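Descriptive structure summary
Listed below are the residues making up each chain.
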Amino acid sequence: MTRNGRFRFVRLARFVVLAGLLSCMVSSLARAQFGATTSREAGAPTNQVIAIRAGHLFDSRKGSMAADQVIVVRGDRIDEVGPSGEVQIPSGAQLIDLSRATVLPGLIDAHTHIFLTGESHGRYEEQLLRESWQYRTIEAVLNAKSDLMAGFTSMRDCETEGAMYSDVDVKTAINRGLIPGPRLEVATRALSTTGGYPLEGYSPEVTVPSGVQIVDGVDQATKAVREQIKYGADFIKVYGTHHFRFTPDGRLVSVATFNLEELQAIVREAHSEGVKVACHAYGGPGLHNCIDAGVDSIEHGLDLDDAAVAEMKRRGTWLVPTLYVYEFEPEEDLAATNGKTSRARIHEVSFKKALAAHLKIAFGTDVGPFPHGTQAKEFEYLVRFGMTPAVAIQCATVRAAELMGWDDRVGSIEAGKFADVVAVEGDPLRDVTELERVKFVMKGGEVYRNDLK
Ligand SMILES: [Zn+2]
C-alpha cells in the first residue's frame with residue numbers, strides 16, 4: 001500500500017469506526033424505545049421463584065440420568081440445579097413435585113410445518129387454493145399449541161407453504177405472550193426453482209399459488225434471500241431436489257432444482273447476513289450441490305451416497321433425518337417399485353450410514369403432514385434404526401439447540417438457560433416411547449401442562 005493510500009485508509013478507518021459507533025448508538029436507542037414490546041420474550045414474572053423436585057433428571061450434555069435433583073427457577077430462567085442435598089430451596093418458593101417422574105429439558109423439533117394440518121395430497125391443494133392466509137394462520141396457532149403441549153418448547157419451522165410471512169406473526173404473538181406456543185425460528189417462504197414445487201399440473205393459462213417462492217438465476221435467488229430476511233426469516237429454507245422417481249430395479253432418482261451457482265449465491269447472501277441455510281434434499285446431484293455450496297443442514301437426506309456422507313462429515317453439515325414421516329407412504333412407493341422398496345426403506349439405509357459416520361444429527365420430524373403433537377413418534381424410529389435413547393434425546397435437546405444457534409438459551413437444564421422443562425412418568429432411556437406421553441410442560445418458567453399433580 002502507498003503512503004497516500006495508507007493515509008486515505010486511516011481516514012477511511014476513522015470514518016468507519018465513527019459511523020459504526022453512531023449506528024450502534026442509534027440502534028441501541030431504537031432498542032430502548034421499541035425493545036420492550038418487540039423483542040422481549042414472554043415468560044414468568046421475574047420475581048416468581050419455583051423449585052422443582054425431580055425424581056430423575058436427564059443431563060442432556062452428558063447423556064445420563066441423575067436421581068433426586070432440585071431445579072430452582074427464577075422468573076423465566078433456571079437459577080440453580082443439583083442434588084437435593086446440595087441445593088437450598090429458597091424460602092417462599094412455589095414447589096412442584098415431580099419426584100416420581102423423569103424430568104428433561106424442553107424438547108426441540110428442528111423441522112416442523114405449523115402451516116400444514118394433516119395433509120394428504122388433495123388437502124394441500126385445498127389449503128393453497130381455498131383457504132386464506134388468515135384462516136391458515138388460525139390453524140397454525142392451534143398446531144403450535146399442540147406441539148407445545150406435547151413437550152416441544154422450541155421449534156424450527158420450515159416454511160409456511162404458501163402463507164407468505166405469516167409464521168413471523170405467529171412467532172411474534174407467542175413471544176409477546178398473546179398465545180401459547182414453542183419458541184420459534186421461522187423460514188418464511190422457502191425457495192425453489194420454476195417447476196420445482198407444487199402447485200403443479202395446472203394448465204399454463206391458469207395462475208395458481210405456489211407453496212414456496214420460485215426464483216431462477218443468481219440475481220433472483222440473492223434478492224429473494226434478502227427479501228425473506230428483511231421480512232423476518234430467521235433462516236433460509238431451500239429445495240435442493242424436488243421431483244423423484246424409482247428406476248425399475250428400485251433405485252431412487254432425485255431431480256435437482258437449483259444449480260451449484262444459484263445455491264452458492266443463496267448461501268453466500270444468507271451467511272453474510274448471519275443466517276443459516278437448511279436444504280431439503282433426497283440424493284443425487286441436487287444433494288451434492290447443496291453440500292458443496294455450504295448449506296448448514298440437509299433436511300431428510302433420504303439417499304446419502306458415501307461421497308455425500310464423507311463431504312458432510314468434512315464440512316460438519318448437519319443432518320435432520322425426519323424418519324417417521326416417510327413411514328406413512330410406503331404403499332404408494334411399493335406400488336411404484338413393484339413391492340421392491342420405498343422411500344422409508346431407502347431412508348433407513350441412508351440414516352444408518354450417517355449414524356455410522358457420526359454425522360451431526362438433529363431431531364426433526366416434518367410434522368404437519370401428520371397431526372401436530374404426535375411427532376415424538378420419531379424417537380422410536382431413531383432408536384429402531386440404531387441410535388441409543390440417550391443420543392436420540394440429545395438430538396432433540398442440546399444438538400437441535402446447537403443447529404439453531406440457540407445453545408446459549410435452550411437444550412439443557414443449566415443455570416442461566418430458559419426454564420423450559422418437561423417430564424414423563426417412566427424412564428425414557430429404557431423405553432423411548434415415554435416421550436410420546438409427556439405429562440408436564442414448562443416454558444420460560446410458566447407451567448402449560450401438569451398431569452402429574
Ligand atoms: Zn418439511
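The shown structure was predicted, so the numbers you read here are calculated from the model rather than taken from an experiment.

1. Some remarks on the overall build of the protein
For the protein, the count of helices and strands is twelve helices and 19 strands. Its C-alpha atoms give the protein a radius of gyration of 23 Å, within 12% of the compact-globule value 22 Å for 453 residues. Oriented by its inertia axes, the alpha-carbon framework of the protein measures out at about 75 × 70 × 45 Å. Burial statistics for the protein: of 453 residues in total, 46% are counted as buried.

2. Quick notes on the sheet that holds strand β7 (residues 183–186)
Neighbouring strands of a sheet are bound in pairs by backbone hydrogen bonds; such pairs are parallel or else antiparallel. If you trace the three strands from one edge of the open sheet to the other, you get β5-β6-β7, paired in parallel fashion. Of all the strands in the sheet, just β5 (107–112) and β7 have a single pairing partner and so form its edges. Taking each pair of neighbouring strands and ignoring which way they run, the sheet shows an average axis angle of 15 degrees. Two elements, strand β6 (residues 152–157) and β7, share four bridges in a ladder whose sense is parallel. Within β7, the residue paired with S154 across the bridge is R183. On top of the sheet, helix α3 (residues 133–149) reaches β5 and β6; it is set at about 135 degrees to β6, its chief contact. The strands touched by helix α12 (residues 389–404) within the sheet are β5, β6 and β7, with β5 carrying the most contacts at an inclination of about 50 degrees.

3. Quick look at the pairing of β6
β6 sits mainly inside the fold: six of its six residues count as buried. Crossover β6 to β7 through helix α4 (residues 166–175) is right-handed.

4. Notes on the packing of α3 against α4
Contact geometry of α3 with α4 gives a least axis separation of 10 Å together with a crossing angle of 45 degrees. Our classification of the angle between α3 and α4 gives oblique. For the pair α3 and α4, the crossing hand works out as right-handed. Of the residues in α4, those touching α3 at W133, R136, T137, A140, V141 and A144 are S166, D169, V170 and I174. Of the residues contributing to the contact of α3 with α4, the split by class is six nonpolar, two polar and two charged.

5. Quick notes on the domain arrangement of the protein
Along its sequence, the protein is carved into domain 1 (49–105 + 414–450) and domain 2 (107–375). Just the C-alpha atoms count here: the centres of domain 1 and domain 2 sit 32 Å apart. At the interface, eight residues of domain 1 touch eight residues of domain 2. Of all the secondary-structure elements, those providing two or more residues to the side of domain 1 that touches domain 2 are β18 (440–443) and β19 (446–450). Classifying every residue of the side of domain 1 that touches domain 2 by side-chain character gives five nonpolar, no polar and three charged.

6. Some remarks on the nonpolar core
One finds I52 and I266 to be the most contacted residues of the largest nonpolar core, which totals 114 residues. With nine residues, the single largest contributor to this core is α12. Each of domain 1 (49–105 + 414–450) and domain 2 (107–375) gives at least three residues to this core. Setting aside chain neighbours within four positions, we find I266 in contact with L191, A221, V225, I236, V238 and V277.

7. Regarding helix α7 (residues 284–293)
Every buried residue of α7 is accounted for by G286, L287, N289, C290, I291 and A293. On its buried face, α7 sits against β11 (241–246), β12 (252–256), α6 (260–272), β13 (276–283), β14 (297–303) and α8 (306–315). Immediately beyond the C-terminal end of α7, within one or two residues, lies G294, with a positive phi of roughly 95 degrees.

8. Some remarks on unusual backbone geometry
Here the bond from P198 into L199 is cis, since omega is 10 degrees, no more than 30 degrees from zero. On the secondary structure map, L199 appears in the loop between β8 (191–192) and β9 (213–214). You will see that D68, though not glycine, has its phi angle at about 55 degrees, which is positive. Positionally, D68 belongs in strand β2 (residues 64–74). Take D68: there are 13 C-beta atoms within 10 Å of it, and that puts it in the partly exposed class. Phi at N338 takes a positive value of approximately 50 degrees, unusual for a residue other than glycine. Tracing the chain through its elements places N338 in the loop between α9 (330–336) and α10 (343–356). Judged by the 10 C-beta atoms lying within 10 Å of it, N338 is exposed.

9. Some remarks on α4
Buried residues of α4: S166, D167, V170, K171 and I174, and no others. Mapping the buried residues of α4 onto a view down its axis gives an arc of 145 degrees, with all of them on the same face. Looking at the buried residues of α4, the elements they touch are α3, β6 and β7.

10. Considering the sheet that holds β18
The seven strands are arranged β3-β2-β1-β4-β17-β18-β19 in an open sheet whose pairing can be described as mixed. The sheet is open, and its two edges are formed by β3 (77–83) and β19, each paired on a single side. Strand-to-strand, the axes of this sheet are offset by a mean angle of 30 degrees, without reference to chain direction. Relative to strand β4 (residues 94–105), strand β1 (residues 49–59) runs parallel, the two being bridged by seven bridges. Looking at β4, one finds that H56 is bridged to T102.

Conventions used here
All residue numbers here refer to positions counted from 1 along the written sequence of the relevant chain. Local features in this predicted model are restricted to residues whose pLDDT is 70 or higher, and side-chain atom pairs enter the listing and the counts only when it is 80 or higher, whereas totals over whole chains, interfaces and linings include all residues. The way it works is that DSSP assigns letters per residue, a run of H or I at least four long becomes a helix, a run of E at least two long becomes a strand, and they are numbered from the N terminus. The size measure is the radius of gyration over C-alpha atoms, and the globule rule it meets is 2.2 Å times the number of residues to the 0.38 power. Three exposure classes are used, based on other C-beta atoms lying within 10 Å of a residue's own C-beta, which is placed from the backbone: buried for 20 or more, exposed for 12 or fewer, and partly exposed in between. Strands qualify as paired when DSSP identifies two bridges or more between them. Here the axes come from fitting lines to C-alpha atoms, over the contacting stretch only for helices, and the angles between their N-to-C directions go from 0 to 180 degrees. By the convention adopted here, residues are in contact when the distance between their C-beta atoms, placed from the backbone, does not exceed 7 Å. Whether a crossover is right-handed comes down to one check: with the strands pointing away from the viewer, does the path from the first strand over the helix to the second run clockwise; if it does, it is right-handed. An angle below 35 degrees is treated as roughly parallel, one above 145 as roughly antiparallel, one from 65 to 115 as roughly perpendicular, and anything else as oblique. Note on convention: the crossing is left-handed when the near helix lies turned anticlockwise from the far helix by less than a right angle, right-handed when the turn is clockwise. Under the convention adopted here, Pro, Cys and the residues Ala, Val, Leu, Ile, Met, Phe, Trp and Tyr are nonpolar, Asp, Glu, Lys and Arg are charged, and Gly plus all remaining residues are polar. Residue ranges assigned to the domains are those given by an automatic or database domain assignment. Note on terminology: a nonpolar core is any set of buried Ala, Val, Leu, Ile, Met, Phe, Trp, Tyr and Cys residues joined through C-beta atoms within 7 Å. The directions from the helix axis to the C-beta atoms form the arc being described.

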